[in-house]
Amino acid sequence: AFAPVTIVHGLILDTPEDPFHGGELRAEECALAVIDGVITFRGSLAEAQKRYPAATLATVSGLLLPGLVDTHVHYPQVRIIGGLGMPLLEWLDHCALPEEARMADPAHAQAVASEFVNGLIGAGTTTALAFGAHYVPATDALFRAAHHSGLRMTAGLVVADQVLREDLRTTPERAAREAAGLIEAWHGKGKLRYAVTPRFALSASADLLDSCRETLNGTPDLFFTSHVNENPAEMAAVAELFPDASNYSDVYDRRGLLGRQSLLAHNVHPTDAELARLGETGTAVAHCPSSNSSLGSGLFPLRRHLEAGVRVSLGSDVGAGTGFNHFKEGLQAYFHQQLQPDGVPLGPAHLLHLATVSGARALGHDDVGHLSVGAVFDAIEVNPPPGTPLEAILKNAPSADRALAAVFANGTSADLDRVWMGGVATHTRTPE
Ligand code: GUN
Ligand code: ZN
């Protein structure tokens, strides 16, 4: 039997060549042939149809972009998006942690899991690194929802054994045992992968971090994620708790928790020594601009990260971040560079790269984030509703770069028509 072939034709934008290293936006009116969810041909429509005469044709009338990659997002926090006006530690106590505690109720967790996955996919995010919940049944519900949806997701049980409210604490032994159960159930299943996830150094004893390392040692290809250097009060508390560490990220480094399979969120206030070490170890950093604005955490020093060779990706950080819209997140990243004297001027290709290939690479996925032959067909169709400003802008855009900039400035989930995951299309908007 022959696998069915889909030919997707339209104006395709992606960034296979890194614009932070001289690459430019690739904008081509062309056709992709997709078999078993993988792009097997890229070229002219005539040639595609000649090769695959029986293929089904899908025509994209707006723009086709790679599926977006969100490398830092909290599943339990969907319903607290918009808790404005507090710095990190106050926001955690008053806003985030009470909601995290509600995830002890499996019915609540199941509802939120579905809201979370729908929120991501509706925004065009097809790959995510997500913080799970502090509870096994809730984290299980997240994996189940993601598996069912087709989302490519790395996630894990969030663990803490100090500082946080009692009902969010575990022990090093229980953390290891519960992780083992979830790894057994979900790691490597379909597009799922497990991430060892201590909430942040502040809520982790040295023993808990050691148990995280042991869990990582126990199974190949696990991921590691946590937070770092987000807020001065948080950093001071970490310094007091770990007097032997030379800085915040050293708390993780001493336990062997940095590396190419590790991603830390925020890093708004790093020292040069930390950046050098993050670069050397290949640890990725998720830049979460809307969260950094919302909590007043500060302006991300992108230039210093790039100069130190640190891999940087983009994260919505829902629910400190203000929503799942990754175009908005990219726009905020642009704003934050504009607002710094030594900010990196970001063009639309940089924003698309941050929202796609950078994140995919940070997660070790070479075959997503771009639409080349051999890549998985994870893609989104930007096709604004008739009569909207964005529709008019795209119709009249003088260049693909300008069209893409307009998508970052204006685009929302309402402008996405179809979201493709592994070659399967999900309609996110009711057809007119
Ligand atoms: N640090 C520890 N937990 C959190 C969280 O939930 N959100 C953010 N932004 N920072 C954190
Ligand atoms: Zn976070």
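Everything discussed here concerns the structure shown above.
Residues numbered from 1 in each chain as written. Chains lettered and ligands numbered in written order. Predicted model: local features only at pLDDT ≥ 70, side-chain atom pairs only at ≥ 80, totals over all residues. Heavy atoms only, no water.

Asks: Before we go on, may I ask you to explain the overall build of the chain in this structure?
Replies: Helix and strand counts for the chain stand at 16 helices and 16 strands. For 432 residues, the compact-globule estimate of 2.2 N^0.38 gives 22 Å, and the chain sits close to it at 21 Å. Projected onto its principal axes, the C-alpha coordinates of the chain cover approximately 65 × 55 × 40 Å. Counting across all 432 residues of the chain, residues that qualify as buried make up 62%. In the chain, of all internal contacts separated by at least 6 residues, the share reaching a separation of at least 24 is 75%. (Helix = DSSP H or I, 4+ residues; strand = E, 2+ residues; numbered from the N terminus. Rg over C-alpha atoms; globule rule 2.2 N^0.38 Å. Buried < 20%, exposed > 50% of the residue type's maximum accessible area, 1.4 Å probe, protein only. Contact = heavy atoms within 4.5 Å.)

Asks: Before we go on, may I ask you to explain unusual backbone geometry in this structure?
Replies: In terms of backbone geometry, most residues other than glycine have negative phi values and most peptide bonds are trans. Residue V318 is joined to G319 through a cis peptide bond whose omega torsion reads 5 degrees. Checked against the element boundaries, G319 lands in the loop between strand 13 (311–314) and helix 12 (326–338). In this model, H266 sits at a positive phi of 90 degrees, which is unusual for a non-glycine residue. Structurally, H266 can be placed in strand 11 (residues 262–266). The exposure class assigned to H266 is buried, which follows from its relative accessible area of 0%. Positive phi is not limited to glycine here, since D317 has a value of about 50 degrees. Along the chain, D317 falls in the loop between strand 13 and helix 12. Overall, D317 belongs to the buried group, its relative accessible area being 3%.

Asks: Is there a simple way to think about the site of ligand 1 in this case?
Replies: Looking at ligand 1, there are 13 residues lining it, with H74, Q77, R199, E230 and D317 nearest. Q77 places a side-chain nitrogen or oxygen 2.9 Å from an oxygen atom of ligand 1. Contact between ligand 1 and H266: a nitrogen atom at 3.4 Å from a side-chain N or O atom of the residue. Calculation on ligand 1 without its partners gives an accessible area of 280 Å², and the protein chains cover 100% of this total. Of the pockets mapped on this structure, ligand 1 occupies the largest cavity. By residue number, the principal contributor to the shell around ligand 1 is helix 2 (residues 88–102), which donates three residues. Counted by class, the shell around ligand 1 contains five nonpolar, five polar and three charged residues. (Near = heavy atom within 4 Å. Polar contact = N/O pair within 3.5 Å; in protein donor to acceptor, adjacent residues only side chain to side chain. Areas by Shrake-Rupley, 256 points an atom, 1.4 Å probe, with all protein chains shown as cover. 1 Å grid on protein atoms, 1.4 Å probe; cavity = no way out; pocket = protein on both sides within 12 Å on 5 of 7 lines; lining within 4 Å. Sits in = over half its atoms within 2 Å of the grid points. Nonpolar A, V, L, I, M, F, W, Y, C, P; charged D, E, K, R; others polar.)

Asks: I tried to follow the coordination of the zinc ion (ligand 2) on my own but got confused; where do I start?
Replies: In the first shell of the zinc ion (ligand 2), the protein supplies H72 (NE2), H74 (NE2), H227 (NE2) and D317 (OD), at 2.0 to 2.3 Å from the metal. Coordination at the zinc ion (ligand 2) is irregular: its four donor atoms span angles of 89 to 172 degrees at the metal. Within one chain, the residues serving as donors to the zinc ion (ligand 2) are arranged as H-x1-H-x152-H-x89-D. Placement of H227 in strand 10 (residues 223–228) and of D317 in the loop between strand 13 and helix 12 is noted, with a sequence separation of 90 residues between them. (Donors = N, O, S within 2.8 Å, 3.2 Å for Na, K, Ca; no water. Tetrahedral: all angles 85-135°; square planar, octahedral: opposite > 155°, others 65-115°.)

Asks: What's the story with empty space enclosed by the protein in this structure? I'm lost.
Replies: If you roll a probe as big as a water molecule over the atoms, it shows you where there is empty space left. In this structure the tally under the stated criterion is two cavities of 30 Å³ or more. Put simply, the largest cavity is a space of about 100 Å³. The wall of the largest cavity is formed by 13 residues, among which L88, W91, L92, H227 and E230 lie closest to the centre. A total of three residues in the lining of the largest cavity trace back to one element, the largest contributor, which is helix 2. The residue inventory of the lining of the largest cavity, partitioned by class, reads six nonpolar, four polar and three charged. Within this model, the second largest cavity holds a volume of roughly 70 Å³. In terms of lining residues, the second largest cavity is bounded by L157, V159, A175, A176, A179, Y194, V196, T197, S211, C212 and T215. Going through the elements one at a time, helix 5 (172–186), strand 9 (192–198) and helix 6 (206–218) are the ones with two or more residues in the lining of the second largest cavity. Grouping the amino acids of the lining of the second largest cavity by side-chain chemistry returns eight nonpolar, three polar and no charged. (Points joined across faces, edges and corners; volume = space filled by probe spheres on them.)

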